[in-house]
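A structural walkthrough
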Amino acid sequence: MLKINKNNKMITKILFCAAEAAPLAKVGGLADVVGSLPEALKAQGLDARILMPAHGSISLKSWKAKKINSFLIKIDKKQERVNIWYIKVKGTSYYLLQNKNYFSGHVYEGDSISKYLFFARAALKALSLLPFKPQVIHAHDFHAASIITELSTQARTGRPGLVLTIHNLQHQGWTEEKALLKFDFCKTDFQVRDKNISNKKTSTWINLLAAGIKSADKITTVSPTYAKEILTPAYGYGLEKLLSSRRKDLVGILNGIDVKTYNPAGDINLAQKYASKDVVAGKQNNKQAVRAYLKLKEDNSPLFVFIARFSNQKGLDLFKAEDLLNLQKKFPFQLVILGSGEEKYEQMILAVNKQLPDNMRTIIAFDETLAHNLYASANYFLVPSKFEPCGLTQMMAMRYGAVPIVRATGGLKDTVIHEKTGLVFKQYTSQAFNRVLKQALLVYYQQPALYKKMRSDGLRQDWSWQASAPEYQRLYQEI
Ligand code: ADP
């Protein structure tokens, strides 16, 4: 039942503003969340829609998009045409902003600061032209934060409620003042008086995420543990004091996943679909298909899988060829790594792979189909992150009966229980990682009952939005 907010007005109309949303455009977990939460909010009686750029990588034609409006905005004395397109995907309404100069590439291609300041400027204008009048603007990450920074300057009675979700504090959108002026923002609205922040760069630099944190009515992040971690210098990336000053309006709400898309029983990407009760045979068949595809030999060894963006966050530097070779001698295993991103980490992993040519495969790509097949084939799924705001891959892994091995940080800590639904290690060191890999192999070879129990406990977890969607619904009413 809907809860009425303190002004006796029911909040039902929410507009998500974000850089990416699956299935239209996806780089990481942000897209999964933005693309699936609106549907879950519908079950709470809310009409949540999405406003995002019409990235050049999105085929408007194949999504049967309809052009509903068009306008001009002046940037640096130049008129920029913005078309508003409308699409309905799986019951969710999207408004896509198209512009040939700023949004021709993929989500983060090119200069992200200009792209997303332009997005914010265009979104602010589009708000008055949309047929949908939101009561809450829910901005995601720094890309959309400037929308709420500007709206917050209006009197509360005349503007929508403003919610900012931090999906990853590492990306804050540092920019020079002159960029703000170029996109017609007022620099005083963006100044955050926090010593930590202004010390980081010279005084002419602006932090778009910090400005959003200062001006939002409510701030959320994507797991309860990350909400606490970001108040500390170790995880706050320089914003811990600012976040602490907003502690009363900050809440950690655990992400869910789209359990319809990530469902081994109905997943059309898989070599073979399987229900939970057929998990052993189902995974075996998928593993066979993946091994054939990746030219890995067929034997009784467990398959470890790692899928992530290649960045300093994801624990790629914990993989040491020598440790893996030593483990391999006693307990054979296979390892598949799928990901792409920073060149440094691509080289690092390829160098490790060179020393394990028979038992390891590295695929440098973003490959949704292969990712699904790997979740379905894996015996163990590795998430050794240095920090992890929520992490979705460990939930996806459990959904497909792969036992997660994670570091105790952020949402990983909130979702995996050691020796119950997975294996958890604490220290961010290759020694600790090696120890947990050894434990995983011992469990797999010598304690099959424990392995089986972890897999079935993982399969039984509910990772849908069912628990978290009502928390958002309550939060919206509190504004
Ligand atoms: P993050 O948001 O930090 O990238 P998450 O765990 O929240 O990490 O979400 C990652 C999402 O991106 C998951 O859906 C995962 O399957 C997907 N993903 C990451 N890398 C790849 C890749 N190389 N190919 C296909 N899917 C990927």
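Residues numbered from 1 in each chain as written. Predicted model: local features only at pLDDT ≥ 70, side-chain atom pairs only at ≥ 80, totals over all residues. Heavy atoms only, no water.

1. Some words on the layout of surface pockets
- If you add up the space inside the largest pocket, you get close to 1000 Å³.
- Around the largest pocket, the lining is made up of 45 residues, and of these Val27, Gly28, Gly29, Arg309 and Lys314 lie nearest the centre.
- The set of elements that each furnish at least two residues to the lining of the largest pocket consists of helix 1 (29-42), helix 3 (141-151), strand 12 (303-310), strand 13 (334-341), helix 13 (368-377) and helix 14 (393-399).
- Each residue belonging to the lining of the largest pocket can be placed in one class, and the counts come to 19 nonpolar, 17 polar and 9 charged. (1 Å grid on protein atoms, 1.4 Å probe; cavity = no way out; pocket = protein on both sides within 12 Å on 5 of 7 lines; lining within 4 Å. Points joined across faces, edges and corners; volume = space filled by probe spheres on them. Helix = DSSP H or I, 4+ residues; strand = E, 2+ residues; numbered from the N terminus. Nonpolar A, V, L, I, M, F, W, Y, C, P; charged D, E, K, R; others polar.)

2. Things to note about the site of the ligand
- Around the ligand sit 23 residues in total, of which Gly29, Asp32, Arg309, Ala365 and Tyr375 are the nearest.
- The contact in question runs from a nitrogen atom of the ligand to an N or O atom on the backbone of Ala365, over 2.8 Å.
- Bound to the protein, the ligand loses 93% of the 570 Å² it would expose on its own.
- A majority-of-atoms criterion places the ligand in the largest pocket.
- At the level of secondary structure, the elements contributing two or more residues to the shell around the ligand comprise helix 1, strand 12, strand 13, helix 13 and helix 14.
- Among the residues making up the shell around the ligand, the classes are represented as 10 nonpolar, 6 polar and 7 charged.
- There are two domains that each give the shell around the ligand at least three residues, and those are domain 1 (13-256 + 466-478) and domain 2 (276-460). (Near = heavy atom within 4 Å. Polar contact = N/O pair within 3.5 Å; in protein donor to acceptor, adjacent residues only side chain to side chain. Areas by Shrake-Rupley, 256 points an atom, 1.4 Å probe, with all protein chains shown as cover. Sits in = over half its atoms within 2 Å of the grid points. Domains from an automatic or database assignment.)

3. A word on the packing of aromatic side chains
- Overall, the coordinates contain 23 aromatic pairs when judged by the stated rule.
- Centroid distance Phe306 to Phe319: 5.5 Å. Interplanar angle 90°. Geometry classified as edge-to-face. Pair noted here: Phe306 is in strand 12 and Phe319 is in the loop between strand 12 and helix 11 (321-330), with a separation of 13 residues, a long-range link. Residue Phe306 shares its accessibility class with Phe319, and that shared class is buried.
- For the pair Phe331 and Tyr445, a centre-to-centre distance of 6.3 Å together with 20° between the ring planes defines the contact as stacked. Here Phe331 is found in the loop between helix 11 and strand 13, whereas its partner Tyr445 is found in helix 16 (residues 430-446), with 114 residues between them in sequence.
- Phe331 gets classed as buried once you look at its relative accessible area, which sits at 11%.
- Assessed through its relative accessible area of 32%, Tyr445 is described here as partly exposed.
- The rings of Tyr102, Phe103, Tyr108, Tyr116, Phe118, Phe119 and Phe183 are connected pair by pair, giving a single aromatic cluster.
- Across the ring face of Phe185, the terminal group of Arg121 is positioned such that the distance to the ring centre comes to 4.2 Å. (Phe/Tyr/Trp six-rings, centres within 6.5 Å; stacked < 30°, edge-to-face > 60°. Buried < 20%, exposed > 50% of the residue type's maximum accessible area, 1.4 Å probe, protein only. Lys NZ or Arg CZ within 6 Å of the ring centre and 35° of its normal.)

4. What to know about the domain arrangement of the chain
- By the assigned domains, the chain splits into domain 1 (13-256 + 466-478) and domain 2 (276-460).
- Listed as interface residues are 20 residues of domain 1 and, on the opposing side, 19 residues of domain 2.
- Buried surface at the junction of domain 1 and domain 2, summed over both partners, amounts to about 1400 Å²; 57% is from carbon and sulfur atoms.
- Together, Lys26, Thr225 and Tyr235 form the three largest contributors to the area buried by domain 1 at its contact with domain 2, with a combined 27%.
- For the pair domain 1 and domain 2, the interface holds 1 salt bridge.
- Taking the shortest distance from any N to any O, the salt bridge between Lys26 and Glu368 comes out at 3.3 Å.
- Here domain 1 is connected to domain 2 by 10 residue pairs in polar contact (both at pLDDT 80 or more).
- Those elements that place two or more of their residues in the side of domain 1 that touches domain 2 are helix 1 and helix 8 (224-229).
- Here the element with the most residues in the side of domain 1 that touches domain 2 is helix 8; it accounts for 4 residues.
- Residue composition of the side of domain 1 that touches domain 2, grouped by class: 8 nonpolar, 9 polar and 3 charged. (Contact = heavy atoms within 4.5 Å. Buried area = accessible area lost by both parts, 1.4 Å probe. Salt bridge = Lys/Arg side-chain N within 4 Å of Asp/Glu carboxyl O.)

5. Examining the nonpolar core
- Residues Leu97, Ile147 and Tyr476 are the most contacted members of the largest nonpolar core, which totals 139 residues.
- The greatest single-element share of this core, amounting to 11 residues, is contributed by helix 2 (residues 112-127).
- Two domains share this core, each providing at least three of its residues, namely domain 1 (13-256 + 466-478) and domain 2 (276-460).
- Other than its neighbours up to four places away in sequence, Tyr476 contacts Ile11, Ile14, Phe16, Leu41, Leu46, Val136, His138 and Val163.
- The next biggest cluster of nonpolar side chains, apart from the first, holds 35 residues, and it includes Leu316, Phe433, Leu441 and Val443. (Core = buried A, V, L, I, M, F, W, Y, C linked by side-chain atoms within 4.5 Å.)

6. Notes on the sheet that holds strand 12
- Across the sheet, which stays open at both edges, the 6 strands sit in the order 14-13-12-15-16-17 with parallel pairing between neighbours. Every other strand in the sheet has two partners, leaving strand 14 (360-364) and strand 17 (423-425) as the edge strands with one partner each. In this sheet, neighbouring strand axes are inclined to one another by 15° on average, regardless of whether the strands run parallel or antiparallel.
- Packed onto the sheet, helix 13 meets strand 12, strand 13, strand 14 and strand 15 (380-383) and runs at close to 145° relative to strand 12. (Pairing = 2+ DSSP bridges. Axes fitted to C-alpha atoms, helices over the stretch in contact; angles between N-to-C directions.)

7. Description of empty space enclosed by the protein
- Considering all chains together, one arrives at 2 cavities of 30 Å³ or more under this definition.
- Considered as a void within the structure, the largest cavity measures approximately 50 Å³ in volume.
- Every residue lining the largest cavity is listed: Ala22, Pro23, Gly35, Ser36, Glu39, Val89, Lys90, Thr92, Tyr94 and Asp258.
- Breaking the lining of the largest cavity down by element, the ones donating at least two residues are helix 1 and strand 5 (92-98).
- The element contributing the most residues to the lining of the largest cavity is helix 1, with 3 residues.
- The residue makeup of the lining of the largest cavity, split by class, is 4 nonpolar, 3 polar and 3 charged.

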